[in-house]
Amino acid sequence: MSDGFDRAPEQTKPLRAPPSSQDKIPQQNLESAMAKPQVVVAPVLMSKLSVNAPEFYPSGYSSNYTESYEDGCEDYPTLSEYVQDFLNHLTEQPGSFETEIEQFAETLNGWVTTDDALQELVELIYQQATSIPNFSYMGARLCNYLSHHLTISPQSGNFRQLLLQRCRTEYEAKDQAAKGDEVTRKRFHAFVLFLGELYLNLEIKGKNGQVTSADILQVGLRELLNALFSNPMDDNLICAVKLLKLTGSVLEDAWKEKGKMDMEEIIQRIENVVLDANCSRDVKQMLLKLVELRSSNWGRVHATSTYREATPENDPNYFMNEPTFYTSDGVPFTAADPDYQEKYQELLEREDFFPDYEENGTDLAGAGDPYLDDIDDEMDPEIEEAYEKFCLESERKRKQ
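From a predicted model like this one, the values you see are computed outputs, not experimental measurements. (Residues numbered from 1 in each chain as written. Predicted model: local features only at pLDDT ≥ 70, side-chain atom pairs only at ≥ 80, totals over all residues. Heavy atoms only, no water.)

(A) Quick peek at unusual backbone geometry. Backbone geometry places Asn134, a non-glycine residue, at a positive phi of 70°. Tracing the backbone shows Asn134 in the loop between helix H5 (115-131) and helix H6 (136-149). For Asn134, a relative accessible area of 78% translates into the label exposed. You will see that Asn297, though not glycine, has its phi angle at about 60°, which is positive. Structurally, the position occupied by Asn297 is in the loop between helix H13 (281-295) and strand S5 (325-326). For Asn297, a relative accessible area of 26% translates into the label partly exposed. (Helix = DSSP H or I, 4+ residues; strand = E, 2+ residues; numbered from the N terminus. Buried < 20%, exposed > 50% of the residue type's maximum accessible area, 1.4 Å probe, protein only.)

Now the structure itself:
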């Protein structure tokens, strides 16, 4: 098989027959040959690269789309084949979005000229975004771009309006889908996450040029969360956690601007699910982690304008988290004690100070403690239940 390189034939030197035993070699020449061994130069292999060599593609790579795309849409008999090929191309190479989306939109403007063609385009993108894993984000970006660059605007509605109508069809079946079989719920969860991506990426430009999100999607996400928590099966709750991690901070900010307490109600529902629902232990831990994430402002850090380092003089809680040490007489002391430095130095000088452990807790003896090895890492059920109640109670106190 040719690898794209043209090789010149190898040039080798003819071999000479070794001298026979009858050949006489002068003694002087023999000694000279033994004294100075000759270096044999290997024959040079000449290779030439040709500019006419075929372009190299890795095995399994298909260039059909690239070749057809460069030639325009003439090689595609139908709109659906052209669009589907582009969607598959984006799925495999999402990094090509920025460089190829403009030409794709221009081609669609020359092809999508009827209501039926626009409906078909919306359906193809929707199906790709809700059936292919990890395409929901790219699908939402594609929808946002086309909503601003497709020129067709028939009486039935423009691209964005038809897209929202398609989402509404799925939204109206939310209650039945949330309690349906596993396949139905899986399809429903894909729709929920795609709607979340649409809420974050679909931009609506006002008459004065301001950019806003679609308020109808905000209302829809709230009702979808209600449907998921009303049917607290593990996969429904996992979907709700994913949606809130994706959109929670943006939703809460938008609700606060309108004076709504929707996020407080959602957190309350999560706490009720943790206490009452028969979901798995892992899902309960996910829900508790979500409550913790929200209590930390969704992981967002707001830098203060002025920074002042904490000291014992300006921070009354400065010594709150300091460890407690004990002298050789068993007298406790902390960093707040006036004699802390002297007592701590005495503690370090004691020869029996943690003889079997390094400073970082590594066992110097080598072998593990058989008693410690038998300890189970999992919590006792009663302790676990008490821990969950403690977390929820801490959250309630934080709100008060």
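(B) Seen up close, the side chain of Ser249. Here Ser249 shows up in helix H11 (residues 234-257). Judged by relative accessible area, Ser249 falls into the buried class, the value being 18%. Once residues within four sequence positions are removed from consideration, Ser249 is found in contact with Trp298 and Arg300. (Contact = heavy atoms within 4.5 Å.)

(C) Quick look at the pattern of salt bridges. Applying the stated rule across the entire model yields 12 salt bridges. Of the charged contacts, one joins Arg294 and Glu264 as a salt bridge, the two residues approaching to 2.7 Å between their closest N and O atoms. Placement of the pair is Arg294 in helix H13 and Glu264 in helix H12 (residues 262-276), with a sequence separation of 30 residues. Classification of Glu264 as partly exposed rests on a relative accessible area of 24%. The network of salt bridges with shared partners includes Glu252, Lys256, Glu264 and Arg294. (Salt bridge = Lys/Arg side-chain N within 4 Å of Asp/Glu carboxyl O.)

(D) A look at the state of the cysteines. Within this structure, the stated rule accounts for zero disulfides. Here Cys143 stays unpaired: no disulfide links it, and the sulfur of Cys167, its closest cysteine neighbor, is 7.7 Å away. Note on Cys143: relative accessible area 0%, which makes it buried. (Disulfide = S-S within 2.5 Å.)

(E) Seen up close, H6. Along its 14 residues, H6 runs 20 Å from first to last C-alpha, staying within 8% of the 20 Å computed at 1.5 Å per residue. Within H6, 10 of the 14 residues are buried, which leaves the element mostly enclosed by the surrounding structure. Buried residues belonging to H6 abut helix H3 (79-92), helix H4 (97-111), H5, helix H7 (159-171) and helix H9 (182-201). (Expected span 1.5 Å × (residues − 1).)

(F) Spatial organisation of the layout of surface pockets. By volume, the largest pocket amounts to about 510 Å³. Listing elements by their share of the lining of the largest pocket, those giving two or more residues are H5, H6, H9 and H11. In terms of residues, the lining of the largest pocket owes the most to one element, H9, which gives six residues. Taken together, the residues of the lining of the largest pocket sort by class into nine nonpolar, five polar and five charged. (1 Å grid on protein atoms, 1.4 Å probe; cavity = no way out; pocket = protein on both sides within 12 Å on 5 of 7 lines; lining within 4 Å. Points joined across faces, edges and corners; volume = space filled by probe spheres on them. Nonpolar A, V, L, I, M, F, W, Y, C, P; charged D, E, K, R; others polar.)

(G) The arrangement of the packing of aromatic side chains in detail. Counted according to the given criterion, the structure contains four aromatic pairs. Measuring from ring centre to ring centre gives 5.9 Å for Tyr82 and Trp111, while their planes differ by 25°; the resulting arrangement is stacked. Of this pair, Tyr82 sits in helix H3 while Trp111 is found in helix H4, placing the two residues 29 residues apart along the sequence. Aromatic side chains Tyr126 and Phe194 sit 6.1 Å apart centroid to centroid with 75° between the ring planes, which places their arrangement in the edge-to-face category. Taken as a pair, Tyr126 in helix H5 and Phe194 in helix H9 lie far apart in primary sequence, 68 residues in all. According to the relative accessible area criterion, Tyr126 is buried, its value standing at 3%. Members of the aromatic cluster, each reached through a chain of ring pairs, are Tyr82, Phe86, Phe104 and Trp111. (Phe/Tyr/Trp six-rings, centres within 6.5 Å; stacked < 30°, edge-to-face > 60°.)

(H) Region of the structure containing H7. Between the first and last C-alpha of H7 there are 18 Å, a value that for 13 residues agrees with the 18 Å anticipated at 1.5 Å per step. For H7, the complete set of buried residues consists of Phe159, Arg160, Leu162, Leu163, Arg166, Cys167, Glu170 and Tyr171. Summarising the contacts, the buried residues of H7 are in contact with H5, H6, helix H8 (174-178), H9, strand S3 (204-205) and helix H10 (215-230). N-cap assignment for H7: the residue whose side-chain oxygen lies 3.3 Å from the backbone N of Arg160 is Asn158. (Polar contact = N/O pair within 3.5 Å; in protein donor to acceptor, adjacent residues only side chain to side chain.)

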